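The residues making up each chain are set out below.
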Amino acid sequence: MGFIDKIAKWQDSRFPWVLMVIASISLVLIAHSVFQKYLYMPPCEQCVYIRVAFLIMAIGGIIAIINPRNLVLKLLGYGFGFWGAIYGMMCSIKLAKIHAAIHGDDADPFGVQGCSTEPSHILGLPLEKWAPDWFMPLGDCGKEDAIVPDGVILSSIQEYFINLYTEAGGWYLIPSKHFLSMADCTLMGFGLCFVILAVMLVSFILSKLRQAN
């Protein structure tokens, strides 16, 4: 069995779709529960859009999981998966540009364009009204500053990470090196998902064409 046939068979199983759902939902939960609630980093406009993008991908995975061998459900799964990945990359690129404008050697005050506290969610859905704690932007794009409420007593772990990111000037995968901002990481994540989905879809199409011949 060749590589294409192996990937085509793999995408016919529930495993890759379950993996996409778990990864997407987990990242949204981490963003909300850890960074927003535990470390008091309010999400910016592009940040909440990125959450929506991950949830769109999760919806695609859930649809495909129902029956990954069903053509309609499979195509819907791919459709939502690509939609979420592309939308997420677009939002991540915009956030990365804002981050670079703010943190660059020549700070650009116009770099904050595209960052508002009045979101315009995809398809016009009022997500900020349905679930404001998850989808209402409250922070500044590209800054990731912790805003600790008055009277809150931080644990030693909370204080450590808040000070770590504050000293770095924002969230980085390696704060001391300013290596990979939050926008860079989400862009890489969405890009990887897009590539995996593309390989799966191309393998599926080529396998069906081979069977037809």
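Just so it is clear, the model here is predicted, and its values are computed rather than measured.

Procedures and definitions
Residues numbered from 1 in each chain as written. Predicted model: local features only at pLDDT ≥ 70, side-chain atom pairs only at ≥ 80, totals over all residues. Heavy atoms only, no water. Patch = residues over 30% accessible without salt bridge, like charges linked within 9 Å, V, L, I, M, F, W, Y side chains within 5 Å. Areas by Shrake-Rupley, 256 points an atom, 1.4 Å probe, with all protein chains shown as cover. Salt bridge = Lys/Arg side-chain N within 4 Å of Asp/Glu carboxyl O. Helix = DSSP H or I, 4+ residues; strand = E, 2+ residues; numbered from the N terminus. Buried < 20%, exposed > 50% of the residue type's maximum accessible area, 1.4 Å probe, protein only. Expected span 1.5 Å × (residues − 1). Contact = heavy atoms within 4.5 Å. 1 Å grid on protein atoms, 1.4 Å probe; cavity = no way out; pocket = protein on both sides within 12 Å on 5 of 7 lines; lining within 4 Å. Points joined across faces, edges and corners; volume = space filled by probe spheres on them. Nonpolar A, V, L, I, M, F, W, Y, C, P; charged D, E, K, R; others polar. Polar contact = N/O pair within 3.5 Å; in protein donor to acceptor, adjacent residues only side chain to side chain.

*Asks:* Whenever I open this one, a nonpolar patch on the surface confuses me. Can you help?
*Replies:* Nonpolar side chains collect at one region of the surface, where Leu27, Ile30, Val34, Tyr38, Ile157, Tyr160 and Phe161 lie side by side and expose about 600 Å² of accessible area between them. Those elements that provide at least two residues to the nonpolar patch are α2 (15-38) and α7 (156-168). Top contributing element to the nonpolar patch by residue count: α2, with four residues. Tracing the backbone through its elements, the reader meets Leu27 in helix α2. For Leu27, a relative accessible area of 41% puts it in the partly exposed group.

*Asks:* Just checking my understanding: could you explain helix α8 (residues 182-212) for this structure?
*Replies:* For α8, spanning 31 residues, the distance from its first C-alpha to its last is 45 Å, which sits close to the expected 45 Å at 1.5 Å a residue. Where α8 is concerned, the buried positions are Ala183, Thr186, Phe190, Gly191, Leu197, Met200, Ser203, Phe204 and Ser207. Buried positions along α8 lie against α1 (3-11), α2, α3 (45-66), α4 (71-103) and β2 (179-181).

*Asks:* I keep staring at the layout of surface pockets and nothing clicks. Help me out?
*Replies:* Regions of empty space are outlined by a rolling probe, equal in size to a water molecule, passed over the atoms. Approximately 780 Å³ is the volume attributed to the largest pocket. Taken together, 34 residues form the lining of the largest pocket, with Ala23, Leu27, Phe54, Cys185 and Thr186 sitting closest to its centre. Mapped by element, the contributors of at least two residues to the lining of the largest pocket are α2, α3 and α8. When residues of the lining of the largest pocket are assigned to their parent elements, the largest contribution, 11 residues, is made by α2. For the lining of the largest pocket, the residue count by class is 28 nonpolar, three polar and three charged.

*Asks:* Please explain the side chain of Gln11 as it appears in this structure.
*Replies:* When you line up the elements, Gln11 lands in helix α1. For Gln11, a relative accessible area of 0% puts it in the buried group. There is a polar contact of 2.9 Å between the side chain of Gln11 and the backbone oxygen of Ala8. Polar contacts involving the side chain of Gln11 include one to the side chain of Asp12, which spans 3.2 Å. The residues contacting Gln11, other than those within four sequence positions of it, are Pro16, Trp17, Pro68, Lys74, Tyr78, Met200 and Phe204.

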